[in-house]
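Topology and contacts: notes
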Amino acid sequence: MKLKLDLENCYGIGRLQKEFDFSNKNVVLFYAQNGIFKTSFAKIFKSIKDDKQIKDEIFSERIPKADIEFNGEKIKKEDIFVFDSYDKEFDSSKSVTTFMASPKLKKEYDEIFSELDKQKKSLLKSLKKYTGSSDCEKEILKVFSNKNFYQILSDNIDFIKEIKENYEFKYHDIFDDKNKVKEFVDANRNLLQEYFYKYNEILSSSDIFKKTENGEFGTHKIKELQSALSDDRFFLANHKLLISNQEITTSENLNNLIQNEIDRILENKEIKSRFDEIEKKITKNQNLKDFKEAINKNKGILLKLINYEDFRKEVIFSYLNKKIEEIENLVSLYENQKERIQQIISASKQEQESWKKIIEIFNSRFIVPFEVDIENQDDVLLKNEVAKFVFRFKDNSNERIINKEKLEDILSNGEKRALYILQILFEIEAQKNTNKPILFIFDDIVDSFDYKNKHAVTEYLDEIRENANFKIIVMTHNFDFYRAVARFGALKFMIHRNDEREIIFKRGEYTKEFIKSLKENNRNIEKNFITLIPFVRNILEYTKNEHDKEYLLLTSCLHIKDNTRNIKVKQVLDVLTSHMQEYQVNIEDDSLLDFIYKTCDEIVNSNDINPIELQNKIVLSIGIRLRVEEFILSKVNLQNEITKDQTRKLYKLAKEQNVINKKQDFIIKKALAITSDNIHINSFMYEPILDTSIEHLIKLYHEINEF
């Protein structure tokens, strides 16, 4: 099982030719500095996965080449899964829903609803102008329970189209959140019924509104007639109407006739007295101010309040009718996708058992201030709803269920990434049932994780590598994670990019104790010797004190002191051998300072320098710091000995005495920034040194030598 790569001009990678053999180990581990390889490498495989053109994004004229073989064949998108440290494609905080399904199902579901949601938002925005409500969707869902917004519109589209009433009042004038109007209606139902019955009694004696054996010709039928004749085409064709012995020749004549008759009925003394009585009761209640204004504008509203909830639906339909064209388009889009939505929901339910297992893994391994659960599993099945996550946030003995958006507002970046891991876990678990090789690529997957959750990811990778079909590439610039993954067996590489933008793979190093390797008598004797100086100095600092003679001697090796020029290699070697068991080397006795500078010169002038090797970077860092201090001491007037933070204090003194120019100032500041963590090394602080570019150190060393 092999992965063969032949790449040119792909997302910043100039050239990469390499073959990785997974026959004996399922994991390949890359350590690389930020900005030279990992993101570009991941982008190549993501482009294949997403059917996108691979290219050089900056120099578009460069012709890309991406010949990749996996398992003896040209790699296919189905073979690849790429996981970044935080991929928004999998981050459900911005999605339409957080339902439980594989990322593939979830993505399709969200794509369907994102278009629906776009049209819905436009509709709701325009409805707000008519209703005055800040959340029209909530009001509609409250009336039509157990259905989604789109299904409500679809089920009621005919009623919406047929509604003739045109209500101008704001929704909450009648249907307020605190139910004050409803309470008034319930408390005064008898009075409202009297008003209703008296209105209908007088209506029945009207010359226009009639009840006959064949049915009723009331206000509803009149409104249908008004609507049908509103464009005057009937009358323009020289037709006429005869209503109550009155000849009607225009729609305006008709409307005036009808309105005058309704006004006559409402102004009836008995009707009016009951209305005044109702109005007095409303006036006594300050909470019904808007309600009073609404019924004064349209007294007919009182007739509808007997059936309060039916009237609510009628009012909503009236508002929706104003945007009937948008609603018809939205319903059409929903109906076209409805069958596929149901198929996705059905598939989601089948995957619930997988999700339960994944949630158990997540809750048991990841240390976060919340637990994940499945919300209302029974309701999901009974009500045909999409399953959703519920997050239980825990604070000591207190627990509170919160939504995804609220949760993400309070989580740290590392905890958000732990939440994102949920999607990754499912994607991986889902592939366990496929009987074919799968290539998983993890790009800085533990970025921003604390040690506990970093360990949880490591343990999970250790488990899935046992699956014979899983071939795993792990890329990181986190040295702790690199060493942790290396321990359970992996092909290890450290990545470097040369001046021709070619990616160079060096054998992975430093997975065990780095200091032990320095005691070996090999071709790096000189560099190993210099590298051990700060380490042994640390040992003396911890085991003795800062006044110890040996500690002070090694300090004078790392900083220019009065005795630095007089220190010999043998003096230092004696200290190192007395504190490092089995460390025996032969080095020509010489001035230690000259010995360090000579070794630095050999590194910077080498034609075959190892860009990964720690010793090269440490020795150059020491040499750079010593050169800087020598230069500054030759310029300043030093009155008192410096015992702490010498290089930085010397720089500050040089600035105060104005003895360095702008160019020198810039280079010295760069030296302070790059080399500060690299000299006082201990066995746990490899990462700052590994992440320092050897090219930067070489350039800096040359610049300082030119002072």
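Going by the structure above, here's the rest.
Residues numbered from 1 in each chain as written. Predicted model: local features only at pLDDT ≥ 70, side-chain atom pairs only at ≥ 80, totals over all residues. Heavy atoms only, no water.

1. Let's talk about the sheet that holds strand E1 (residues 2–10)
- The strand order across the open sheet built from four strands is E2-E1-E4-E5, with neighbouring strands paired in antiparallel fashion. The sheet terminates laterally at strand E2 (13–21) and strand E5 (73–74), the two strands that pair on one side only.
- As paired strands, E1 and strand E4 (residues 65–70) are joined by six bridges and run antiparallel to one another. Bridged to Leu5 within E4 is Ile68.
- Sheet strands touched by helix H1 (residues 38–49): E1, E2 and E4. Its angle to E1, the strand with the most contacts, is close to 105 degrees. (Pairing = 2+ DSSP bridges. Helix = DSSP H or I, 4+ residues; strand = E, 2+ residues; numbered from the N terminus. Contact = heavy atoms within 4.5 Å. Axes fitted to C-alpha atoms, helices over the stretch in contact; angles between N-to-C directions.)

2. Observations regarding the packing of aromatic side chains
- Tallying each qualifying case throughout the model produces 40 aromatic pairs.
- Aromatic side chains Phe30 and Phe493 sit 6.1 Å apart centroid to centroid with 65 degrees between the ring planes, which places their arrangement in the edge-to-face category. Of the two residues, Phe30 is situated in strand E3 (residues 27–31) and Phe493 in strand E16 (residues 491–497); the sequence distance between them amounts to 463 residues.
- Look at Phe30 and you get buried, because its relative accessible area is 1%.
- The class of Phe493 is buried, set by a relative accessible area of 14%.
- Judged by centre distance (5.0 Å) and plane angle (35 degrees), the ring pair of Phe37 and Phe41 falls under tilted. (Phe/Tyr/Trp six-rings, centres within 6.5 Å; stacked < 30°, edge-to-face > 60°. Buried < 20%, exposed > 50% of the residue type's maximum accessible area, 1.4 Å probe, protein only.)

3. Re a negative patch on the surface
- Residues Asp499, Glu500, Glu502 and Glu695 make up a contiguous surface patch of negative charge.
- Within the fold, Glu502 resides in the loop between E16 and strand E17 (503–507).
- Exposure remark for Glu502: the relative accessible area of 31% places this residue in the partly exposed category. (Patch = residues over 30% accessible without salt bridge, like charges linked within 9 Å, V, L, I, M, F, W, Y side chains within 5 Å. Areas by Shrake-Rupley, 256 points an atom, 1.4 Å probe, with all protein chains shown as cover. Salt bridge = Lys/Arg side-chain N within 4 Å of Asp/Glu carboxyl O. Lys, Arg positive; Asp, Glu negative; His and termini not counted. Charge placed at Lys NZ, Arg CZ, Asp CG, Glu CD.)

4. Here we look at the sheet that holds E17
- Here we have six strands laid out as an open sheet, ordered E6-E14-E15-E3-E16-E17, and mixed in their pairing. Single-partner strands in this sheet number two, and they are strand E6 (80–83) and E17. Averaged over all pairs of adjacent strands, the angle between their axes in this sheet comes to 20 degrees, without regard to strand direction.
- Sheet topology places E3 next to strand E15 (residues 470–476); five bridges connect them, and they run parallel. Bridging from a neighbouring strand, Tyr31 pairs with Thr476 of E15.
- The sheet strands contacting H1 are E3, E6, strand E14 (438–443) and E15, and the helix crosses E6 at an angle near 140 degrees.

5. Description of helix H12 (residues 269–283)
- In a regular helix each residue adds 1.5 Å, so 15 residues correspond to 21 Å; H12 covers 20 Å between its end C-alpha atoms and thus fits that length.
- All of the buried residues in H12 are Ile271, Phe275, Ile278, Glu279 and Ile282. Buried residues of H12, seen end-on, are gathered within an arc of 100 degrees and therefore sit on one face of the element. Exposed and facing more than 90 degrees away from the buried side of H12 are Lys269 and Lys280.
- On the buried face of H12, the contacting elements are helix H7 (180–187), helix H8 (189–204), helix H11 (251–266), helix H13 (289–297) and helix H14 (301–304). (Expected span 1.5 Å × (residues − 1). Arc of directions from axis to C-beta.)

6. Some remarks on the pattern of salt bridges
- Under the criterion given, the structure shown has 43 salt bridges.
- Between Lys142 and Glu139 there is a salt bridge, and its shortest N-O distance comes to 3.7 Å. Taken together, the positions of Lys142 and Glu139, both in helix H3 (residues 136–143) and three residues apart, correspond to about one turn of that helix.
- The exposure class assigned to Glu139 is buried, which follows from its relative accessible area of 4%.
- Between Glu466 and Arg465 there is a salt bridge, and its shortest N-O distance comes to 3.8 Å.
- Taking relative accessible area as the criterion, Arg465 reaches 23% and is therefore assigned partly exposed.
- Several salt bridges converge on common partners, so that one network encompasses Asp117, Lys120, Lys121 and Glu137.

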